[in-house]
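For reference, the chains in residue letters:
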Number of protein chains: 2
Amino acid sequence: MTEKYSYNPVTDDIVSELQSIVGEKYVIFGDAEKLEPFSHDEIPDRSYAHMPEVVVRPDGADEIAAIMKLANRANVPVTPRGAGSGLSGGAVPIHGGIVLLCDRMNRFLEIDTDNMMVVVEPGVVTADINEELEGTGLFYAGYPMSLETCYIGGNVAENAGGGKAVKYGVTSRYVLGIEMVTPTGEVVELGGKLVKDVTGYNMVQLMVGSEGTLGVFTKITLKLSPLPKACVDLLCLFETVEAAISTVPKIMTGQGIIPTAIEFMDKHCVQAACEYLNESLPYAQAGAMLLITVDGEDEQLVTRQYDAIGEQCLACGAIEVYVADNYTTSERIWKVRRNIAEAYGLISTHQANEDVVVPPAAISELVMGMQKLAGKYDIMFPAFGHAGDGNLHVRLVKNPDWSMEKWNEILPQAQKELYALVAGLGGLLSGEHGIGHKRKKAMPLFVSEGYLNMLRAVKRGLDPNNILNPGKIFDI
Amino acid sequence: MTEKYSYNPVTDDIVSELQSIVGEKYVIFGDAEKLEPFSHDEIPDRSYAHMPEVVVRPDGADEIAAIMKLANRANVPVTPRGAGSGLSGGAVPIHGGIVLLCDRMNRFLEIDTDNMMVVVEPGVVTADINEELEGTGLFYAGYPMSLETCYIGGNVAENAGGGKAVKYGVTSRYVLGIEMVTPTGEVVELGGKLVKDVTGYNMVQLMVGSEGTLGVFTKITLKLSPLPKACVDLLCLFETVEAAISTVPKIMTGQGIIPTAIEFMDKHCVQAACEYLNESLPYAQAGAMLLITVDGEDEQLVTRQYDAIGEQCLACGAIEVYVADNYTTSERIWKVRRNIAEAYGLISTHQANEDVVVPPAAISELVMGMQKLAGKYDIMFPAFGHAGDGNLHVRLVKNPDWSMEKWNEILPQAQKELYALVAGLGGLLSGEHGIGHKRKKAMPLFVSEGYLNMLRAVKRGLDPNNILNPGKIFDI
């Protein structure tokens, strides 16, 4: 630990103060078993974990403000935590200190159908939002793959993407207002129920994706969209990875249609997820699949669009195009897609999960380049993800036969070449999972020192004592 | 001038250095007549103007970096300038110093149809973008009302909105990457040709709307959209302002349709613009009009949608609904809408141009409240604007009969009540024109000191010597 990260331990006095802020029953301290779940997120490799010294569960901005003021005074780091479903270590308390859990803050504060907005607390589970909105004709268009467990607060902190970003964009498009506690313990409102606002800097958008390093969110105002009246999924099977992936940009530019989703899964991913779920998809032995969603306000239009897209896929060499035009079938396919990550987590905890993003038209070169790397290093290199966005979740999976020594020697080399491939295509390090501490070291391969200095300048300005989630994204 | 704004004058030595950076012919100095055009933007009231000491016209990031480094060394402020078409004083050099004009940087660097993106220099006139894209089937969806003269760099700096934001959003939705020069003279790249990116903070979005105070943009990567295949305008006439404005939220929520535009114009605005343009619209004596655009990828769908919207308007009391389904007629109507501001500029330079924004569903209460204020203070209070976004351009116009004394006494009172009305409805000070120096004093009526301190912290971090466009938005 360098000088820059020199903190005080959490003493009994500090614990007492925390207890008087939130109430004794909402403080977890001195019990390693109870603290352990808060030492990690969903990165399978537990070498990224780190124990907190205390966990607090506040309710409301005033309590959180008091906690931040105490933390600054006592020089103890604070790590905010949602569901802990992240994949880059954002919620891991790498310098110990306090984990600030927002699970009690799970209320729907307002459903405003006239304005087509909803105001929620950060601990609301993302999937619950659309459940709550049923019957209103409105929906929240964010669709992170972990929506059944993740919290909306975490989504905002990480600028979660997901499966439908091709048409609907990512979380940032929908965040209109944030009530937050600053790293120094002030309660501030940003934005509001406004679809346009230039009253000062774009602070709402600065907070989105700031990975819990610039503020703790206590209320979030989200924009809603009219529920599409028709929605269809296509499952397009291809013989080869190349055929599938090279079709992706053509779908977008060929027809002038923006589908809702274009997800790519290679054979290994499909098989792993199907086994995990005890499920089966047609022709799981096809080399690769595209899962394409089309939705819209009009059934006839959606039919015309998916027809056109299906034809495009066949023209690009698809073996077969299945149309899933009912919810049950669609859900089966999407469930397979959503569970690929977990399935691989069981195959091996020794894997490097990447989240690289390239210009959408370069997706084919990326995948072809990855296949070469897989051959060169003789490692499993399954790829799946949001091909329509140029964002793939690439995994380097340790061969079960290999020793850890061999893996620890080969992995950094393979990663370095992958990153060089991505950078060479004009890509960047993370499309949606964030940098956390997991990807911190790789940042200089993609961004300049000048850029990192800008991040540092913003961080230092808002968090002069470096108390809030220190050591994430970059080093001060 | 307070201590915080203590700068050195531009000396002959500094001018020499500037000349050696950009070339002698690209420096304007010592000639008040040549400098005068750069002392103001499009605020009619020239009390907001201020002369620069020197104007430079660089070409490229390296020259701009050298200028910023010189300015920091010499302690001379720098004000970036696009077309000078702003309405809040963002381009006005209120502390003298250097105006940095980007008019020479007007190239199209790349039109990337495969990625559906374009890379431009900041001095490209916004309307030229879609001209350049003709035939590609793609378009840039930003539509600021000043698009025929404004620069895209200025649009990004101000997060320009415009007439089609209801469906297409504002400028920020389309900015994917920025090459910029920091206030201290570093050239940094933010984002890229990526539709998703969480590699560090959301710095691209922080720059959008930062009003030239956080960086000078040298290259801008914009996302493009498929050109809609059908587009129709409706001109809906109402007897009263109330009938028109209360229809607006119902259009959005009633049908689950997101129109492309919903513009509101009261009778006075229509008459003023028609006279200015020597134009006439049907029933210009109607109390108020809604100009509604519907576009989409399918003619049948667009027809169904505008039919539904037309019916909705009639059900809400419209006297008449005109359908403009050809470009010529649409252009006539939109031209009237676009020229209201200029028309009023000629009626009187003594006016306060507001740009207030409220939650969309509160638009009716806003307009009704304004009408009461107009009666109370006996002033002209024309209102027009982006009603679908909750953003109205309200003008308080000096009665020609009044003395300046009377105007200067009444105006602040009327403004204060207007702001209280807006804040009470959950609104904010500016939806799209920006704060500049014009609205700086009013900020505390809408935002907390905590919020202003966050802005200051970000500004100080990135511009420690307060060189770049000082005194805009807030005081350091």
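Worth saying up front: this structure is predicted, and the values here are computed from it rather than measured.

Notes on the domain arrangement of chain A
Residue and element names in this part refer to chain A.
Reasoning step 1: Along its sequence, chain A is carved into domain 1 (12-103), domain 2 (111-143 + 150-159 + 171-226) and domain 3 (230-341).
Reasoning step 2: Taken together, the contacts link 17 residues of domain 1 with 18 residues of domain 2.
Reasoning step 3: When domain 1 packs against domain 2, close to 1,300 Å² is buried across both sides, 66% of that on carbon and sulfur atoms.
Reasoning step 4: Between K69 and E186 there is a salt bridge, with its nearest N and O atoms 3.9 Å apart.
Reasoning step 5: Put simply, domain 1 and domain 2 have 2 residue pairs in polar contact (both at pLDDT 80 or more) between them.
Reasoning step 6: With 7 residues, helix α3 (residues 61-74) is the single largest residue contributor to the side of domain 1 that touches domain 2.
Reasoning step 7: Per-class residue counts for the side of domain 1 that touches domain 2 are 8 nonpolar, 5 polar and 4 charged.

Some points on the pattern of salt bridges
In a structure, side chains of opposite charge can pair up when their charged atoms sit close to one another.
Reasoning step 1: Within the structure shown, the criterion is met by 43 salt bridges over all chains.
Reasoning step 2: Notably, a salt bridge pairs R107 of chain A with D59 of chain A, separated by 2.6 Å at the nearest N-O pair. Here R107 of chain A is found in the loop between β4 (98-101) and β5 (108-112), whereas its partner D59 of chain A is found in the loop between β2 (54-56) and α3, with 48 residues between them in sequence.
Reasoning step 3: Given the relative accessible area of 22%, D59 of chain A is considered partly exposed.
Reasoning step 4: The shortest N-O distance in the salt bridge between E331 of chain B and R338 of chain B comes to 3.2 Å.

Thoughts on helix α11 (residues 327-338) of chain A
All names here are of chain A.
Reasoning step 1: The terminal C-alpha atoms of α11 lie 16 Å apart, and with 12 residues this matches the ideal 16 Å at 1.5 Å per residue to within 8%.
Reasoning step 2: Within α11 the residues assigned to the buried category are S330, I333, W334, V336, R337 and R338.
Reasoning step 3: A distance of 3.2 Å separates the backbone nitrogen of T328 from a side-chain oxygen at the start of α11, and that oxygen is part of N326.

Overview of the interface of chain A and chain B
Reasoning step 1: Counting residues at the interface gives 84 residues for chain A and 84 residues for chain B.
Reasoning step 2: Considering only the surface of chain A that becomes buried against chain B, K196, V198 and Y201 of chain A emerge as the three largest contributors, covering 16% of it.
Reasoning step 3: Joining chain A to chain B, the criterion identifies 6 salt bridges.
Reasoning step 4: Linking D389 of chain B and K196 of chain A is a salt bridge whose minimum nitrogen-to-oxygen distance equals 3.2 Å.
Reasoning step 5: Taken together, the connections running from chain A to chain B amount to 26 residue pairs in polar contact (both at pLDDT 80 or more).
Reasoning step 6: Listing elements by their share of the side of chain A that touches chain B, those giving two or more residues are β9 (187-191), α7 (203-207), α8 (241-255), α10 (299-315) and α15 (449-462) of chain A.

What to know about the relation of the copies chain A and chain B
Reasoning step 1: With an RMSD of 0.0 Å, the operation that places chain A on chain B is a rotation of 180° combined with a shift of 0.0 Å along the axis. Such values leave the two copies arranged in the relation of a two-fold axis.

Focus: the side chain of D112 of chain A
Residues and elements named next belong to chain A.
Reasoning step 1: Topologically, D112 is positioned in strand β5.
Reasoning step 2: Relative accessible area serves as the criterion here: at 12%, D112 is assigned to the buried category.
Reasoning step 3: Reaching out from D112, the side chain makes a polar contact with the side chain of K193 at a distance of 2.7 Å.
Reasoning step 4: If we skip the residues at most four places from it in the chain, D112 touches M117 and K193.

Side note on the environment of A32 of chain A
Reasoning step 1: Looking at the element boundaries, A32 of chain A is found in helix α2 (residues 32-35).
Reasoning step 2: Each C-alpha atom, one on A32 of chain A and one on V54 of chain A, is 9.7 Å from the other, the two residues being 22 residues apart in sequence.

Cut-offs used in this document
All residue numbers refer to position in the chain's written sequence, counted from 1. Key to labels: chains lettered from A, ligands numbered from 1, both in the order written. Local features in this predicted model are restricted to residues of pLDDT 70 or higher, and side-chain atom pairs are both shown and tallied only at a pLDDT of 80 or more, whereas totals for entire chains, interfaces and linings draw on every residue. Water and hydrogen atoms play no part in the side-chain values, which are based on all heavy atoms of the structure. Where each domain starts and ends follows an automatic or database-derived domain assignment. In this analysis, two residues are considered to be in contact whenever any of their non-hydrogen atoms come within 4.5 Å of each other. Throughout, the accessible surface (probe 1.4 Å) given up by two parts as they are put together, summed over both, is called the buried area. Salt bridges are defined by distance alone: a side-chain nitrogen of Lys or Arg within 4 Å of a carboxyl oxygen of Asp or Glu. Definition of a polar contact: a pair of N or O atoms within 3.5 Å, with one able to donate and the other able to accept a hydrogen when the atoms are protein atoms, and with sequence-neighbouring residues admitted only if both atoms are side-chain atoms. Numbering goes from the N terminus for both helices and strands, where a helix is a DSSP run of H or I of at least four residues and a strand is a run of E of at least two. Gly is placed with the polar residues, together with every amino acid not listed as nonpolar (Ala, Val, Leu, Ile, Met, Phe, Trp, Tyr, Cys and Pro) or charged (Asp, Glu, Lys and Arg). Buried residues are those whose accessible area, probed at 1.4 Å on protein chains only, stays under 20% of the maximum for their type, while exposed residues exceed 50% and partly exposed ones sit between those limits. Here a helix's expected span is defined as the number of its residues, less one, multiplied by 1.5 Å. For the least-squares superposition of copies, only C-alpha atoms count, and only for residues with pLDDT at least 70 in both.

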